[in-house]
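Summary of the model geometry
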Amino acid sequence: MDRRNFLQKMGPIGALVLTVPAIAGNTEPVRVSGHPPPYLREGDYIGITCPAGAIDQRDARYSEVMMERWGFKTRFGRTIGRRWQQFGGTDEERAADFQQMLDDPNLKAILFGRGGYGSMRIMDKLNWDAFKKNPKWLIGYSDITAFHCHVSRCFGIPTIHSRMAGGFGSQEDLSETSLKNTLYGKPIQYQWETTTFNRPGKTQGILVGGNLSLIYAMQASVSELDTDGKILFIEDVSEYKYTVDRMLMNLKRSGKLDNLKALLVGGFTSIKKEDIAYFTMSIEEIIYEKVMEFDYPVCFNFPGGHQQPNLALKLGMAYDLEVKVGMAQLTEVRNAFPNPPLPLIDSIVMPQSPSLNL
Amino acid sequence: MNIKTPRYLKKGDTIGLICPAGFMPAEYTTVCIETLQKWGFNVKVGKTVGQQSHYFSGEDAERLQDLQDMLDDHSVSAILCARGGYGCSRIVDNINWNAFRKNPKWLIGFSDVTVFNNHLYQKLKTASIHGPMAGAFDKAGGEDAYILTLKQALSGRKMRYKTEPHDMNKFGKTSGPLVGGNLSILAHLIGSHSFPDTKNTLLFLEDVGEYLYNIDRMLLQLDRAGKLQHLSGLIIGGFSDCKDTAVGFGKNINEIIQYRVHKYNFPVAFGFPVSHEKENVALKTGLVHRLQVTKSGAVLTEGE
């Protein structure tokens with residue numbers, strides 16, 4: 001057999017191997033799929049659970065009322081109103097509540113109660129088999145970025161970066177309207193004013209990311225975000241400037257900023273001040289410095305993060321991003337993914353946590 | 001791994017003093033310089049000492065050059081970083097190690113300097129000293145028992161440290177190269193080529209001013225990255241000035257650490273004198289040490 005024939009024979013096998021992450025260690029990121037879970041219709045059920053910080057029943061009521069106004073039905077998990085330390089229950093309780101919702105075929109989406117801290121404490125207790133077969137929308141941000149990263153890395157299934165149940169009010173605002181539209185399947189198109197710090201350009205790519213601290217906390221784990229050829233979105237809150245700089249240096253030194261299609265920057269709010277020798281660079285300067293050597297578009301001021309509004313973003317899906325000096329536009333690429341969904345999801349082996357893999 | 005040990009110092013040798021990260025006013029280094037001189041060393045003060053560029057002790061290029069000059073200068077036998085803060089990782093990938101490879105020398109510091117301690121171990125297979133910096137000399141008004149360990153370490157004495165018994169210690173006898181340092185910096189190095197291979201090592205950790213939840217998150221990050229499971233031992237130093245959120249985390253720092261590693265069998269020693277406080281001894285990172293944890297406390301001894 002000559003080499004050419006041999007390679008042709010090997011072709012399909014090689015392709016298959018690439019889509020199956022190895023166990024632990026440096027797993028191959030999923031570069032396929034991107035097919036969204038089914039959008040919601042009136043009468044569909046949304047589960048609400050707290051995988052991280054705790055919220056009171058009362059705090060969750062606003063989201064319940066609003067979801068009903070939108071035509072959805074809600075189911076509160078047992079973690080709503082529970083508390084263990086600062087968490088919405090013990091690790092086991094939070095994992096079980098989330099697991100039950102992942103496995104429940106009647107739920108079309110899972111809205112998280114709040115962020116805070118705790119998602120990564122339960123990550124390796126979760127079984128994603130049912131979710132992979134029947135993907136549903138996972139909705140949240142901040143600490144929930146742990147799940148965004150994991151689902152993106154391991155399954156390539158889109159998720160929603162958005163305000164959470166604990167943040168809902170009595171009057172529907174822009175953030176909530178954007179979530180409603182997204183859940184009903186309205187394609188995303190946002191246009192916003194930006195700083196003049198932008199590096200203009202036009203690009204198309206799959207959007208990934210979320211909270212910088214959590215993207216950072218996933219580094220070198222099975223949930224590590226794959227950013228190659230992607231539009232990376234980052235936001236953060238209540239960090240020192242030097243910490244932001246240090247986290248970005250980590251992404252840079254591990255090559256996460258090398259091959260982006262674009263960098264999209266949301267809110268960096270409530271930045272803390274150093275006691276001494278104040279870090280005088282602005283957040284924009286700190287961020288821009290890390291990507292100065294590359295030539296992809298860089299865009300600031302996306303209205304998302306720990307701020308008003310926090311517009312819903314479908315992560316894991318393709319967008320056109322056009323960045324000008326004082327303005328930018330993000331437009332979902334329609335029909336980017338053919339129907340029916342690529343039949344690859346089932347073939348993906350769930351990577352084990354390295355800590356459990358003896 | 002074969003680790004190179006730089007030449008130990010003798011009287012008359014020169015120690016270079018630099019600020020590779022955060023800004024430090026020159027007057028805070030006076031006591032340190034005088035003490036090093038009293039010990040019989042000459043001190044060469046780098047340009048970055050007392051220099052300020054906003055938060056940093058100079059632009060990246062200036063801090064890099066100062067360190068590079070000291071690395072390349074044959075008359076300098078050791079380099080003491082005056083202060084941490086933040087900034088070492090901004091320059092570490094631009095250092096030219098050629099001269100250092102031929103003529104390794106002791107690099108001393110902790111906190112942000114943990115970047116260098118680990119980079120030297122992992123990439124240059126060279127031992128360095130995790131130990132007190134200029135601020136410690138200043139606070140002590142010269143030297144105390146902890147600061148004196150730096151003199152002993154530099155002079156080539158084999159180090160031996162003993163701690164009081166601790167309720168949460170996990171007993172056992174083990175050995176391995178000493179690696180570690182500041183937890184925030186270890187988390188920061190993860191995913192980069194400077195992160196140490198922690199398998200079969202004695203990992204030591206300390207930190208300052210962090211939120212309890214963030215310490216939990218960083219430990220979980222190390223664990224999920226597989227960096228804790230194959231340790232030969234764990235040494236816990238001080239975690240001073242821990243902060244907590246309005247709704248408390250509900251566990252103290254030692255409980256957080258214990259919870260994270262209780263599933264493993266390696267010995268764990270709490271209360272080790274490595275910290276941002278006075279209790280901060282010189283540790284020769286990269287060199288093999290023995291750790292023995294018993295009901296009478298823990299003993300860390302340099303050597304196979």
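Treat the numbers as computed from the prediction; the structure is a model and nothing was measured.

The next subject is the overall build of chain B. Secondary structure assignment for chain B yields ten helices and 13 strands. Taking 2.2 N^0.38 as the reference for a compact globule, 304 residues should give roughly 19 Å; the C-alpha atoms of chain B span a radius of gyration of 18 Å, in line with that estimate. Along the first, second and third principal axes, the C-alpha atoms of chain B reach 50 × 45 × 35 Å. Counting across all 304 residues of chain B, residues that qualify as buried make up 56%.

To continue, consider the overall build of chain A. Scanning chain A from N- to C-terminus turns up ten helices and 13 strands. A separation of at least 24 residues holds for 83% of the contacts in chain A among residues at least 6 apart in sequence.

In this section: the interface of chain B and chain A. As a measure of interface size, the accessible area lost when the parts come together is often cited. Across the boundary between the two partners, chain B contributes 27 residues, which contact 27 residues of chain A. The biggest single contributor to the side of chain B that touches chain A is helix 9 (residues 212–224) of chain B, with six residues.

What follows concerns the environment of Phe268(A). Within the fold, Phe268(A) resides in strand 9 (residues 262–269). Residue contacts for Phe268(A): discarding those within four places in its chain leaves Glu235(A), Asp236(A), Val244(A) and Ile283(A).

So, on to the confidence of the model for chain B. Model confidence for chain B is summarised by a mean pLDDT of 97, while 100% of its residues fall at 70 or above. Taken together, the chains of this predicted complex give a pTM of 0.81 and an interface ipTM of 0.73.

The strands that make up a sheet are held in pairs by hydrogen bonds between backbone atoms, and each pair lies either parallel or antiparallel. All names here are of chain A. Strand order in the open sheet made by the six strands is 2-1-3-4-5-11, with mixed pairing throughout. Each edge of the sheet is formed by a strand with only one pairing partner; in this case those strands are strand 2 (73–76) and strand 11 (313–315). Averaged over all adjacent pairs, the angle separating strand axes in this sheet is 25°, with direction ignored. In terms of strand pairing, strand 1 (residues 45–49) meets strand 3 (residues 107–112) through five bridges, oriented parallel. Bridging across to strand 3, Tyr45 finds its partner in Leu107. Contacting strand 1 and strand 3, helix 3 (residues 91–103) runs over the sheet at an angle of about 165° to strand 1.

So, how was this worked out
- Residues numbered from 1 in each chain as written.
- Chains lettered and ligands numbered in written order.
- Predicted model: local features only at pLDDT ≥ 70, side-chain atom pairs only at ≥ 80, totals over all residues.
- Helix = DSSP H or I, 4+ residues; strand = E, 2+ residues; numbered from the N terminus.
- Rg over C-alpha atoms; globule rule 2.2 N^0.38 Å.
- Buried ≥ 20, exposed ≤ 12 C-beta atoms within 10 Å, placed from the backbone.
- Contact = placed C-beta atoms within 7 Å.
- pLDDT = per-residue confidence, 0-100.
- Pairing = 2+ DSSP bridges.
- Axes fitted to C-alpha atoms, helices over the stretch in contact; angles between N-to-C directions.

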